[in-house]
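# Summary of the model geometry
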Amino acid sequence: MNEQLIIHIRKFVQITDEEAALISSKVTLLKLKKKAFVLTPSKLCKANYFVATGLMRLYFISKKDIEQITQFALENWWITDYDSIDSKRPSHFYIQAIENTEVIVLEQHIEDELIAQIPAFEHYLRLILQKAFTAAQRRMEMLNNMTDEERYRSFSTRFPDFNQRVPQYMVASYLGVTPQFISRLRARKPRIS
């Protein structure tokens, strides 16, 4: 499984075989059953998780007692609570496996060690963080600029895997719509021009 991470790193930066071996020796593999958590509120987030197989979600419970999903992560995506890691304060989020999932765990203190030893690894992490930030910006734009139907259609087109693998109520939570709205959209016959 660590080879999958190394392949992913090498898509962005060049690292030597020795550096790859060092990274592989420092990370751990965690196998999660469906619905298992790697983070719950009031716990300190101490790691970044690379999804090797499976699917995860990051969410919080709103003041109205509603699950609000802010991120999904499938194979070759990273997921974590950066605020908790950076501030060293307990998280407000849950990170949960949606399917049986295997994640490569990069603990924060190990990340710091690897950055000090492998400059290209820091560059890789910066590129990944930029991609995550860009995705968050696009999501905010989508939530504020698109109709409910446009959000659903855009999401379905850009991420067809999610509609097959993620329960409808989770897609609805992520998009800020109701599951019933998605059901009505899916039931609607396509218009013929």
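Throughout, residues of each chain are indexed from 1 in the direction in which the sequence is written. Since the coordinates come from a predicted model, pLDDT governs what is reported: local features require at least 70, and pairs of side-chain atoms require 80 or more to be given and counted, while whole-chain, interface and lining totals use all residues. To obtain the side-chain values, all non-hydrogen atoms of the structure were included, while hydrogens and water were left out.

### A look at the layout of surface pockets
Definition in use: In the cavity and pocket records, a cavity denotes points on a 1 Å grid over the protein atoms alone where a 1.4 Å probe fits but cannot get out, a pocket denotes an open set with protein on both sides within 12 Å along at least 5 of 7 lines, and lining residues are residues with an atom within 4 Å of a point. Grid points are joined across faces, edges and corners, and a volume is the space filled by probe spheres set on the points. Helix and strand assignments come from DSSP, with helices taken as H or I runs of at least 4 residues and strands as E runs of at least 2, each series counted from the N terminus. Any residue outside Ala, Val, Leu, Ile, Met, Phe, Trp, Tyr, Cys, Pro, Asp, Glu, Lys and Arg is labelled polar, Gly included; the first ten of those are nonpolar and the last four are charged.
Taken as a whole, the largest pocket holds about 1,300 Å³ of empty space. Looking at the largest pocket, it is lined by 37 residues, and the ones nearest its centre are Gln71, Lys131, Ala132, Ala135 and Ala136. The greatest single-element share of the lining of the largest pocket, amounting to 14 residues, is contributed by helix 5 (residues 119–145). As a volume, the second largest pocket reaches approximately 250 Å³. For the second largest pocket, the lining is made up of 14 residues, of which Tyr82, Glu111, Ile115, Leu125 and Leu129 are closest to its centre. Those elements that place two or more of their residues in the lining of the second largest pocket are helix 3 (82–87), helix 4 (108–117) and helix 5. Broken down by element, the lining of the second largest pocket gets its largest block of residues, five residues, from helix 5. Residues belonging to the lining of the second largest pocket are distributed by class as follows: seven nonpolar, two polar and five charged.

### Things to note about the pattern of salt bridges
Filter applied, for reference: The salt bridge criterion pairs a side-chain nitrogen of Lys or Arg with a carboxyl oxygen of Asp or Glu, the two atoms within 4 Å.
A complete count under the given rule lists eight salt bridges for this structure. Taking the shortest distance from any N to any O, the salt bridge between Arg57 and Glu67 comes out at 2.7 Å. With a gap of 10 residues between them, Arg57 in strand 4 (residues 55–61) and Glu67 in strand 5 (residues 67–74) connect regions that are remote in the sequence. For Arg153, the salt bridge identified is with Glu149, shortest N-O distance 3.3 Å. Residue Arg153 and its partner Glu149 are both found in helix 6 (residues 148–158); the two are separated by four residues, about one turn of the helix.

### Here we look at helix 1 (residues 2–10)
Selection criterion: Each residue is assigned to one of three classes by its accessible area relative to the maximum for its type, calculated with a 1.4 Å probe on protein chains only: buried under 20%, partly exposed between the two thresholds, exposed over 50%. The directions considered for the arc run from the helix axis to the C-beta atoms.
Here helix 1 has its buried residues at Leu5, Ile6, His8 and Ile9. An end-on view of helix 1 places all buried positions within 160° of arc, on one side of the element.

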